[in-house]
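Report on the structure
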Amino acid sequence: MNFRNLFFIFCITIAVAGCKKPHAPTDLTKEILIPIPVSVQATADVFELGKESAIYVEGEGLLPIGEYLASKLKPSTGFELKVSTTTGAPKSGNIYITTTGTDATLGDEGYELTIDEDLVTLTAAKPAGAFRGIQTMRQLLPETIELSSVQKGPWEISTGKIRDYPTYAFRSAMLDVARHFFTVEEVKHYIDLIAGYKLNALHLHLSDDQGWRIEIKSWPKLATHGGSTQVGGGKGGYYTQEQYKDLVKYAEERFITIIPEVDFPGHTNAALASYPELNCNGKAPDLYTGTEVGFSTVCVNKEITFKFVDDVMRELAEITPGPYIHVGGDESHATKKEDFIKFVNKSQQIVLAHGKKPIGWEEVSQGTLQPGTIVQYWSNAKHAQTAAKNGSKMIMAPAKKTYLDMSYDSTSKLGLHWAAYIEVDSAYLWDPATIADGITQDDILGVESPLWSETLKTMDDIEYMAFPRILGHAEIGWSPAAARSWDEYKVRLGKHGKRLTAKEINFYKSKLVPWVE
Ligand code: TNX
C-alpha cells in the first residue's frame, strides 16, 4: 500500500468515526403533519440542528418570527440559537427565513420549506406565511421538541421540499369567556395552542346574559357589575382595555386576529342588570347565573339603546386593530321580529361608521345586510342562502360539526348535546363547501370552531373539548378537500398524540383513533 492509499483510508476512517455520524435515510413524505400540506417531496437525507446552528432572516418583519422560533426550540434543545439578519443564504448548518424574491402565488399565508442536508430554507411572500411555515418546521422535529426541559436530541429534520398554502383565508376559534370567565393568561395559552395548527383568528365572545367581560369606559358598570359573576355564581371577571390590548398584541405576534363580539340585542342580561335605562320597563333585572338562552333583550325603541351600542362599538373599534367586530344577533327570542330587524340594521351601520366590518350570527340575514357584512352560519341553511343571494361572505360554523362544547358521546362528563354528539370522526367528516344547501366555496370566507363555556370552568376543560377535534377543523380550513380522508387522518392523528402529550394538552383519547403510546 503506498502512502496515498494509506492517507485515503485514514481520511475515510476519520470522516465516518470522528466527524459526522452517518444518518439513517429518512422520508419527509412520512412525517406526521397537521394540517396536511399541499405538497411534500422527499430527498432521503437529514438536516441536523445543532448548538452551533443559528437563525438568519432576510425581509421586513421577520426578526420577531426568528426570535419566536428560537424561543420555541430553546427549552427542549437547550440551544441558545442566535437570530440575526442576513443578505443572501447563510452558510451550512443554519435556518434561513426569507421573504425576498418569493413567488407571490404563495399568497399571504403560504410558504415553501426546503430542507437540505446543510440548510433549512423557509421562503414566504409575507411574514404570516413564514410564521405558518415555522409551525410545520416544529412538527418535523421529534415530538420531544415540545417538552419543557432539556432533552438529548438528536434534532433531525428529513430533507425535501414542502410547498403549502391555505384553502380558506379565514380559520378561527371562538372562546366564550362570558359564561365562564377565562383569564388573560388562559386566553394566551389557547392562542398558543391554536397558532400551532395555523389558525388565524380568535373570536372572543365578550358578553352574554351571565357576564360582560370588557371594560367600556363610558359605561363602567357593564364590567364592574355585569362582569361580577358567571354560570354557577362564581366571581367572574373582565378584561381592562389595557389587558385586552395586551391580548390583541400577543395574538398579533402569532398572526392571529382578535375578533371581539358583544352580543346584541338578546344575550344581554348582564348589560340590562348594569343599566336600568336599557330595559323597556326601566328596571334592572338581577344578574343571571343559569344556562337558559333567549330570554333577554335590550329595548330597541329607546334612543339611549343606540347611544349605548354606539359607545360600546366606538370604544371596541379603538382598541381593536383587526378589521372585524362581531355584533352577535343570535337567538333573540325575546325581541319582536320588527325590533330585531331594526336593531341589526342599525348595529351594522354603527360598526361600519367606526371603520370595522360587522360579522353577525346567521339570524342577522333577516335584516338588510350591508355590503361587507359577514354572516356566521351555525344551523339554518335558509339564513345562509339569503346571505349568499345578497353577496355576503360566510363563516361556516355548523353546530353539528364544529361546536366544541358538544359532548363527544353520551358518557362525556362535559358539554351539551342539543345539536349532536360529535365524535372525532364526525368533527372531521364534513366539508364547508357542501354542508349547507346552496352555499359553495365562493360564498365562504372560512371556518370557525366555537367553544361555548356553560359547562367549562378550567383550561383543562377547554383543552379536553377542543382537542383533538379542533385539529380536524384546522385541517378542513387549511388543507385541500381532495387531500383529506378519515382513514388516513385517524392514523396520522394517532401518531400526533405523542406530540399533544409532550405539549401537555389534556386531550380526549377517542377510541376511534389508533393512538400510538
Ligand atoms: C347556542 S348557536 C348559542 C349559545 C350557546 C350554545 C350552547 C349560537 C349562536 N348561540 O348561546 O352557548 O348554543 O351550545
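Structure: above.
Let me sum up the structure you'll find in this document. (Residues numbered from 1 in each chain as written. Predicted model: local features only at pLDDT ≥ 70, side-chain atom pairs only at ≥ 80, totals over all residues. Heavy atoms only, no water.)

1. Some details on the pattern of salt bridges
One pass over the structure, following the stated rule, counts 24 salt bridges. Lysine 30 serves as the salt-bridge partner of aspartate 27, at 3.1 Å between the closest nitrogen and oxygen. Overall, aspartate 27 belongs to the partly exposed group, its relative accessible area being 28%. Residue arginine 314 is joined to aspartate 311 by a salt bridge in which the shortest nitrogen-to-oxygen separation is 2.7 Å. With a gap of three residues between them, arginine 314 and aspartate 311 both fall in helix α8 (residues 303-319), about one helical turn apart. Relative accessible area serves as the criterion here: at 29%, arginine 314 is assigned to the partly exposed category. Members of the salt-bridge network, linked through shared partners, are Asp176, Arg179, Asp208 and Glu454. (Salt bridge = Lys/Arg side-chain N within 4 Å of Asp/Glu carboxyl O. Buried < 20%, exposed > 50% of the residue type's maximum accessible area, 1.4 Å probe, protein only. Helix = DSSP H or I, 4+ residues; strand = E, 2+ residues; numbered from the N terminus.)

2. Some thoughts on the sheet that holds strand β2 (residues 54-58)
Across the sheet, seven strands lie side by side as β1-β7-β5-β6-β4-β2-β3; this open sheet has mixed pairing. Taken across any chain shown, the strands that pair with only one partner, and hence form the sheet edges, are β1 (39-49) and β3 (82-85). Strand-to-strand twist across the sheet, computed as the mean angle between neighbouring axes with direction ignored, equals 20°. Of the pairings in the sheet, the one linking β2 to strand β4 (residues 94-98) comprises four bridges and is parallel in character. (Pairing = 2+ DSSP bridges. Axes fitted to C-alpha atoms, helices over the stretch in contact; angles between N-to-C directions.)

3. Quick look at helix α4 (residues 184-195)
Between its first and last C-alpha, α4 extends 16 Å over 12 residues, near the 16 Å set by a 1.5 Å rise per residue. Where burial is concerned, most of α4 is hidden: nine out of the 12 residues are buried. Buried within α4 we find Val184, Val187, Lys188, Tyr190, Ile191, Asp192, Leu193, Ile194 and Ala195. (Expected span 1.5 Å × (residues − 1).)

4. Details of the site of the ligand
Close contacts around the ligand come from 14 residues, with Arg179, Tyr403, Asp405, Trp418 and Glu454 the closest. The contact in question runs from an oxygen atom of the ligand to an N or O atom on the side chain of arginine 179, over 2.7 Å. A distance of 3.1 Å separates an oxygen atom of the ligand from a polar side-chain atom of glutamate 331. Expressed as a share of its isolated accessible area of 370 Å², the protein-covered part of the ligand is 98%. Taken together, the residues that form the shell around the ligand break down as eight nonpolar, one polar and five charged. (Near = heavy atom within 4 Å. Polar contact = N/O pair within 3.5 Å; in protein donor to acceptor, adjacent residues only side chain to side chain. Areas by Shrake-Rupley, 256 points an atom, 1.4 Å probe, with all protein chains shown as cover. Nonpolar A, V, L, I, M, F, W, Y, C, P; charged D, E, K, R; others polar.)

5. Here we look at the environment of threonine 335
When you line up the elements, threonine 335 lands in the loop between β13 (324-328) and α9 (337-353). The class of threonine 335 is buried, set by a relative accessible area of 10%. Spatially, the C-alpha atom of threonine 335 lies 21 Å from that of aspartate 311, the residues being 24 residues apart in sequence. Reaching out from threonine 335, the side chain makes a polar contact with the side chain of threonine 297 at a distance of 2.9 Å.

These results come straight from atomic positions and should not be treated as a statement about function.
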